[in-house]
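If you want the building blocks of each chain, they are given just below.
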Amino acid sequence: MASFIERMYLYRVLVLSVFLSITQAVDRSNFKTCDQSAFCSRQRAMKPGQTSYTALLETLELSDSHLTVQLLNNNNKVLLLLELYRLQGNMTRVKINELKPIKPRYEVPDVLITDPPTELMSVVAQDEHRVVLSLGGEDWRLILSAQPFRLDIMEGPQVLLSLNSRGLLAFEQLRIRKDTKSQTDTEEAGEKEDTEKHDKEKVSEGEEEAEEEVDQPGMWEETFKTHADTKPNGPSSISLDFSLPGVEHVYGIPEHADGLRLKNTDGGDPYRLYNLDVFQYELFNPMALYGAVPVLLSHNTHRTMGLFWLNAAETWVDVSSGQGSSEVPQTDVRWISESGIIDVFIMLGPRPNDVFTQYSSLTGTQAFPPLSSLAYHQCRWNYNDQEDVSAVDQGFDEHDIPYDFIWLDIEHTDGKRYFTWDNNKFPQPKDMLQGLLDKRRKMVTIVDPHIKVDSSYKIHTEIRSRGYYIKNKDGGDYEGWCWPGNAGYPDFTNPEMRKWWASMFAYDQYEGSMENLYTWNDMNEPSVFNGPEVTMHKDALHGPWEHRDIHNLYGFYVQMATAEGQIQRSGGLERPFVLTRAFFAGSQRYGAVWTGDNAAEWGHLKMSIPMCLSLGLVGISFCGADVGGFFKTPSAELLVRWYQAGAYQPFFRAHAHLDTPRREPWLFGPDNTALIREAVRQRYTLLPYWYLQFYHAQRTGQPVMRPLWVEYPEDIATFSIDNEFLIGRDLLVHPVTDERSSGVTAYLPGTGEVWYDVHTFQRHDGAQNLSIPVTMSSIPVFQRGGSIICRKNRVRRSSSCMENDPYTLYVALDSQGKAEGEIYIDDGHTFKHKTDKQFIHRRLSFTANSLSSSDLSPDSQFPTASWVEQVNILGAQKPDAVTLTTTDGGESSVEFAFDPDTAVLTLRKPGVNAGVNWTLHLR
C-alpha cells in the first residue's frame, strides 16, 4: 500500500511539474545540445581536412544494378562497403556500411514504398586514381576518386554536388568492450581480428599498422541529468558531408520553429532531428521538435536538388554557407547520426517539381483525404461532456458558422484508457455521434500510444499477454510515466502489433465508435514524462534493435497502424483521417500533421507559415497549426488574424489548452464573430479548389501549400520569402500577422504576369512589391491571371451538406486573354475514385473568347447533381452576346452583366451540369 501511495504522490508531483513548466517557455535544459550529446560532440570535433578513407579500386565490382567498392579507414584499418546505385528518375543512391560488422546495423524498413528501380551504370574511364561512371546522357557523370575518397556528380564541366570533399566521412564500427569481454568473447574476437587482419593485409600491404583506438567519454555509456544510457556495442555514429557549389539557399529538414531558408549553423548548434515532446517551443531555434524528415532541398536559379538521408536515429545537420573555389557561393551540409548506416538518395532535379516527383517515387505521396477533413475543425482540451459537445455544436448553428469536425482530447476517456469513454461524462457516445451524423458532421477522439498499466484494462492485458510491449534493456516490459500514470508502450515496429492495433478500431472492438468517428495520435514521439528528454530510453529494445536505432520512426508506425485500422473497419472502402504529432519521411501516406504546442503569440502565428511550407517541401502537404495558439490566451485581434491565416492553410483546426479560457468563435463579441465567420466561410467556398490540389498532390507529390520559388524558380526575390505562399499555382496568400497592422507589402511574382485581388477583382502586374492597406476584415489573397478556379458560394453548416450545390467559376484572364483550370469531383470519402474510377476530372479553358469544359479522364464516370451557376470573367471586355452550346448540339443564350469599373463579366445561370462537355461563346 505504501508503495502505491508513494507512486501516486510521485505521479502527482510529476504532472504538476509538467503543468507548471508549460506556463513559461520551454525549459531548454531538459533537452540536449550537441555538446551534451556524446556522439554529436565527438563527430563535430572533427575538422574539415583530408579524409582518413581510401577507396580500394581493385575491389570494385559493377553489376547491372549497382557498383560496390571497399573503403579502407587508414587509421584503424576497418573496411567499409560502398554501394552506388543509379536510380530511375535522375537519382543516385549511396550506401555505406561496415564490411563485416559484429552484428547487423539497422537499415530503415517500411519508409520506401518499393525497392527503387535501378538503371544501368557504365564505366566511362578508369585509372589507378579514379573511376568515371555514366549517369545517363552525354554530360552526366559520377567521379569516384580513390585517394582521398570522394564522389563528385557532374553535369558537363560543372560540379553539382560533392560527397566527402571536406573529409568528414566518419563511421564508428560496432565493437566489443575490452574491459568487459569474457574469455569466450576474447577468443571469438581474436579469431575475428585474425580474419580481418588477413583480409586487410590482402588489400593494404605496406600500410602502417592500425592506430590504437582510445575510448572517449560517452562511447559506452553516458548520462544526461539522472538518466543513464548504456551502449553494449559501443559507439556507432556516422557522419558524411556534402558540398553544393553555386548554392546559397537550402530548405527542409523539418521540424523546427525557424524560417523557411535554413541558416548557417557555424558557431551554434546544428539542426537536430529527434522527435521530442517540447512544451511551448521557442522560435528561431534549431532544437528538435515533434517530427523529423531528413530531407534537404537546395535551390538556385539554375537547379533544384534534394538529399534524403534515410536514417531513423537521432541526427544533427550542420549547414555552412560561404564562398567555394573562385569565389563561387557554396553551401556545405554535414549529416551526423547516432547509429544505423549511411543510406542517402541524391535527387538531381533539375526543376523543383522534378525533386518532388523523385522524392514521392521513394516515399509515396500525400494520402488523398476525405473532403470533409479539409474543412474547419473545432477542438479544445477538453470538451467536458456530451452536453458540452451538443452546446458547442448548436452554437455553430446559432451563429451561422460552418464546421465539420468536433474533437475530444484525453479527458473523454475512462481514466486515460484509450479506446474507452468516461461513462459519467459520455454515457451514450453513439447517441452523441448519431446527433452529429444527422447534421452530416463528424468527431475525432484522441488515441495515444501510451497504455495504462491496469490489469482490468483490456487493451493493456492483450498487449502484455501477446508480448507486444517495448522491452527495457533487461528484457522486462518498458514502463514510463504519461497521462494515465504508469504506462506501457506498444512496439509499433512489430508488424503483428500494428495488425492487432488496427483491429481495435473495428466497431465491435472500439465500443461506442461509428463511421463518423476519426482519430488523433498525440504524444507519439514517444512522450515519456520521466524519461530522458521527456522521451524513451535509447537502450530500450524493439526485438533485436535498440530504441536509439528506430526512435524517429515510432510516430510514423503509430499513424500507419491507426490509418490501417480505419480502413479495415469499413471493409477497405472508406478513406481514413488520422492526425499525428510525430512523423518521419513517408508519414504523408497516412494523414495529417500539425505543428504541436504553439502559443497565443504573434510570433507563433507568423511561424506557422514557414513551418508548414517546410513540411510541404518534403512531401507532407496536410499541415496546420493550432488556430489561436495552444498555450496562453489570444487577444481578439490575434484570434481573428489567426482564423484568417488558418483558413488558407491545409489543415484548419482551432485548439486550446485545458487552462485557457473558452474561445469558441462567438465568444469575442459580435464584430469579431462576424470576422471569424467570414474567414471560415471563405474556406468553405474554396473547398473545391483545395480538394483539387490534394487530388494532384496524391498523384504527383507536388506540395499543396508551396513557397513562391517553387513556381518562380528563377526569381531570386522569391528565394527567402516565407510570410506569403501559394496554394497550388493559382492562389497567392499574404496573411496579416502583425498586431495593429494598417498595411502589408506583398510580393507578386512573374514578369509579364497579372494578379487579381480575389475580393475586389482589382488587377495588378507581377514582379512587384505591392503595398496593401488592410483593415480587420482584410485577408490579402490574389488569383493568378491565366487561371480558372471553381468555388461553391452557397455555404452550409458542413461540407457534406454542400455536396450537390452549384459551382461558380472565376476565370482570371492573363495578358493574352487566356486562362485554364480544372474541376475534380468524386464522392468525397471512399476509395472508389481509385478502385472503380468513379470521379469527374475536367479541363476548363478560356481562349479565343470561348470558355469550354472537356473531359480529362474519359474512362472514368461519376454522376453529379452539381451545375454551373455563375461564371465571373476577370479582366474581360463587354461582349454583345453570350451563347451556350452542349454536346447534344443545343444552343441557348446566357444572361450576362458587365462592370466596366472592375472589368468583370458575370454570366448568370448557364445551368449546365458540371460533369458534361459545354462551351460558352462570347460574341
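The structure displayed is predicted, hence computed values, not measured ones. (Residues numbered from 1 in each chain as written. Predicted model: local features only at pLDDT ≥ 70, side-chain atom pairs only at ≥ 80, totals over all residues. Heavy atoms only, no water.)

With that out of the way, let us pick up the overall build of the protein chain. A count of helical and extended segments in the protein chain gives 16 helices and 53 strands. Against the globule reference of 29 Å for 923 residues, the protein chain gives a C-alpha radius of gyration of 29 Å, in line with a compact fold. Counting only C-alpha atoms, the protein chain reaches 95 × 75 × 50 Å along its principal axes. The proportion of buried residues among the 923 residues of the protein chain is 62%. Intrachain contacts of the protein chain at a sequence separation of at least 6 include 72% that bridge at least 24 residues. Counting every atom, the protein chain has about 34100 Å² of accessible surface; 47% of that belongs to carbon and sulfur. Of note, the protein chain has its 87 positive side-chain charges centred 4 Å away from the centre of its 124 negative side-chain charges. (Helix = DSSP H or I, 4+ residues; strand = E, 2+ residues; numbered from the N terminus. Rg over C-alpha atoms; globule rule 2.2 N^0.38 Å. Buried < 20%, exposed > 50% of the residue type's maximum accessible area, 1.4 Å probe, protein only. Contact = heavy atoms within 4.5 Å. Areas by Shrake-Rupley, 256 points an atom, 1.4 Å probe, with all protein chains shown as cover. Lys, Arg positive; Asp, Glu negative; His and termini not counted. Charge placed at Lys NZ, Arg CZ, Asp CG, Glu CD.)

Before going further, it helps to examine the state of the cysteines. Under the criterion given, the structure shown has two disulfides. Linked covalently through their sulfurs, Cys34 and Cys40 form a disulfide whose S-S length is 2.0 Å. The disulfide joining Cys34 to Cys40 has a torsion of about -95° about its S-S bond and is therefore left-handed. Judged by relative accessible area, which is 1%, Cys34 ranks as buried. By relative accessible area, which is 0% here, Cys40 ends up buried. Disulfide pairing places Cys612 opposite Cys623 at an S-S distance of 2.2 Å. Around the S-S axis, the bridge from Cys612 to Cys623 shows a dihedral of about -75° and counts as left-handed. Pair noted here: Cys612 is in helix H11 (residues 602-617) and Cys623 is in strand E32 (residues 623-624), with a separation of 11 residues, a long-range link. (Disulfide = S-S within 2.5 Å.)

What follows covers unusual backbone geometry. Along the chain, Gly349 connects to Pro350 via a cis peptide bond; the corresponding omega equals 15°. Relative to the helices and strands, Pro350 is located in the loop between strand E20 (342-347) and helix H4 (352-363). The omega angle of the peptide bond from Trp381 to Asn382 is 10°, so this bond is cis rather than trans. One can find Asn382 in the loop between strand E21 (376-378) and helix H5 (386-398). Of note, Ile253 is a non-glycine position whose phi angle comes to about 40°, a positive value. With respect to the helices and strands, the residue Ile253 is situated in the loop between strand E14 (249-252) and strand E15 (271-273). Even without being a glycine, Met523 presents a positive backbone phi close to 55°. Mapped onto the elements, Met523 comes out in the loop between strand E27 (517-521) and strand E28 (541-542).

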